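Chain residues, written in single-letter form:
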Amino acid sequence: QKPYGQVSAKGLLKGDVDLQVGKGSKTENGVERHRVEVTAKKVSLHDLRELANLPVLLKGELDLQSTALADLTFQEQPEIEVDLKINKFELPPSNVNTPMGPLTLPDLKLTSVELKGRLAAGRFVIESGTLGRPGDELQGSIKGDIAITITNRGNGFGQQIGSYNFNIDLRAKKSFQDKALLFLGFLDGYKTPTQEGAQYKFRVSATNPMMPPSISAAR
């Protein structure tokens, strides 16, 4: 019940992963917690996607730095800080089932995707999120929060996703607009033409992920 130590795995998912587990501070209710630190470099997003059985094809190299304070029985929700970067991100054309029905996603290549956030009290807050770099077909930023509750099912751990609220700012080049007409069609009301294409600034929210999201002007 009280594991401590360090594990390093070179070549795991084509990358290098380092895991350290030690004693952490207690919660306000006196529950003991572990401090868990994970560092990953150049992990294959494709291999990670297959391991996690994600429905969307993904490619790229993942760098991750994460620190968590957690009661490993999850009587109380953990506190987790996440800082990740994906280099050479690729999303091949794919179909995804959403609360609004099947959605066709166009192929997308980004120089990098960066995300920094913190999970506390069952809510993950994106402090900063950056999509793409200047020169990419799509570039933008995202901030907001989403409810995530980690549960102990007895035979394993799972998570429950709840309400979310994101402010998104995207700049799309004309080339991406042309191949993403259906996808971007939902956002026409929040579009401002630019010299290279268009900017989309909007807020998306819902009380749970099974409901169609509400889209409105960004605050």
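Before any of the text, the structure's been laid out above.
On a predicted model such as this, the values are computed, not experimentally measured, just so you know. Per chain, residue numbering runs from 1 following the sequence as it is written. Totals for whole chains, interfaces and linings use every residue, but because this is a predicted model, local features are given only for residues with pLDDT of at least 70 and side-chain atom pairs only at 80 or more, for both listing and counting. The basis for every side-chain value is the complete set of non-hydrogen atoms in the structure, without hydrogens or water.

(A) How the structure looks around the side chain of Q177. Strands are runs of DSSP state E lasting at least two residues, helices are runs of H or I lasting at least four, and both sets are numbered from the N terminus onward. Inspection of the secondary structure assignment puts Q177 in helix α2 (residues 174-179). Only protein chains enter the accessibility calculation, which uses a 1.4 Å probe; a residue is then buried when its area is under 20% of its type maximum, exposed when over 50%, and partly exposed in between. Looking at Q177, the relative accessible area reads 11%, which means it is buried. Polar contacts here mean pairs of N or O atoms no more than 3.5 Å apart (in protein, one a potential hydrogen donor and the other a potential acceptor; neighbouring residues in sequence count only if both atoms are side-chain atoms). There is a polar contact of 3.1 Å between the side chain of Q177 and the side chain of Y200. Note on definitions: a residue-residue contact is assigned when non-hydrogen atoms from the two residues lie within 4.5 Å. In contact with Q177, not counting residues within four places along its chain, are A172, L184, K191, G197, A198 and Y200.

(B) Just unusual backbone geometry, in detail. Notably, L13 is not glycine yet its phi reads approximately 50°, a positive angle. Tracing the backbone through its elements, the reader meets L13 in the loop between β1 (5-12) and β2 (15-23). Positive phi is not limited to glycine here, since A121 has a value of about 55°. Secondary-structure assignment places A121 in the loop between β8 (108-120) and β9 (123-131).

(C) Main features of the packing of aromatic side chains. Here a pair means two rings of Phe, Tyr or Trp (six-membered ring of Trp) with centres within 6.5 Å. Their orientation is stacked below 30 degrees between planes, edge-to-face above 60, and tilted elsewhere. Within the structure shown, the criterion is met by one aromatic pair. Seen in terms of ring centroids, Y164 and F166 are 5.7 Å apart; in terms of plane orientation they differ by 20°. Their pairing is stacked. You'll find Y164 and F166 in the same group, each marked buried.

(D) Focus on the pattern of salt bridges. Take a side-chain nitrogen of Lys or Arg and a carboxyl oxygen of Asp or Glu: if they are within 4 Å of each other, that pair is a salt bridge. For the structure on display, the rule yields eleven salt bridges. Note that D107 is salt-bridged to K179, the shortest N-O span being 3.2 Å. Separated by 72 residues along the polypeptide, D107 in the loop between β7 (101-105) and β8 and K179 in helix α2 bring together distant segments of the chain. By relative accessible area, D107 is classed as partly exposed at 31%. Between K179 and E137 there is a salt bridge, and its shortest N-O distance comes to 2.8 Å. Of this pair, K179 sits in helix α2 while E137 sits in the loop between β9 and β10 (138-152), and the two are 42 residues apart along the sequence. By sharing partners, the salt bridges in this structure join R33, E79, E81 and R118 into a single network.

(E) Inspection of the environment of A198 at higher detail. With respect to the helices and strands, A198 occurs in strand β13 (residues 197-206). On the basis of relative accessibility, which here comes to 1%, the residue A198 falls in the buried class. Between the C-alpha atoms of A198 and K173, which are 25 residues apart in sequence, the distance is 6.7 Å. Residue contacts for A198: discarding those within four places in its chain leaves L170, R171, A172, Q177, K191, T192 and P193.

(F) Here's a closer look at the nonpolar core. To qualify as a nonpolar core, a set must consist of buried Ala, Val, Leu, Ile, Met, Phe, Trp, Tyr and Cys residues joined through side-chain atoms within 4.5 Å. Grouped together as the largest cluster of nonpolar side chains are 45 residues, with contacts concentrated most on F89, F166 and Y200. In terms of residue count, strand β5 (residues 79-91) provides more of this core than any other element does, six residues in total. Discounting residues that sit within four places of it in the chain, F166 has contacts with I126, I142, K143, G144, D145, I146, F202, R203 and V204.

(G) Seen up close, the environment of A180. You can see A180 is positioned in the loop between α2 and α3 (181-185). Look at A180 and you get buried, because its relative accessible area is 2%. Taking the C-alpha atoms as reference points, A180 and L105, separated by 75 residues in sequence, lie 7.4 Å from one another. Once residues lying within four places of it in the same chain are set aside, the contact partners of A180 are P106 and G185.

(H) Highlighting the pairing of β8. Note on pairing: two strands pair once DSSP finds at least 2 bridges between them. Bridge count between β5 and β8: eleven bridges; the pairing is antiparallel. Paired with L91 across the strands is L108, a residue of β8. Of the pairings in the sheet, the one linking β8 to β9 comprises eight bridges and is antiparallel in character. Looking at β9, one finds that L119 is bridged to F124. Two successive antiparallel strands, β8 and β9, enclose a turn made up of two residues, where A121 displays a positive phi of approximately 55°.

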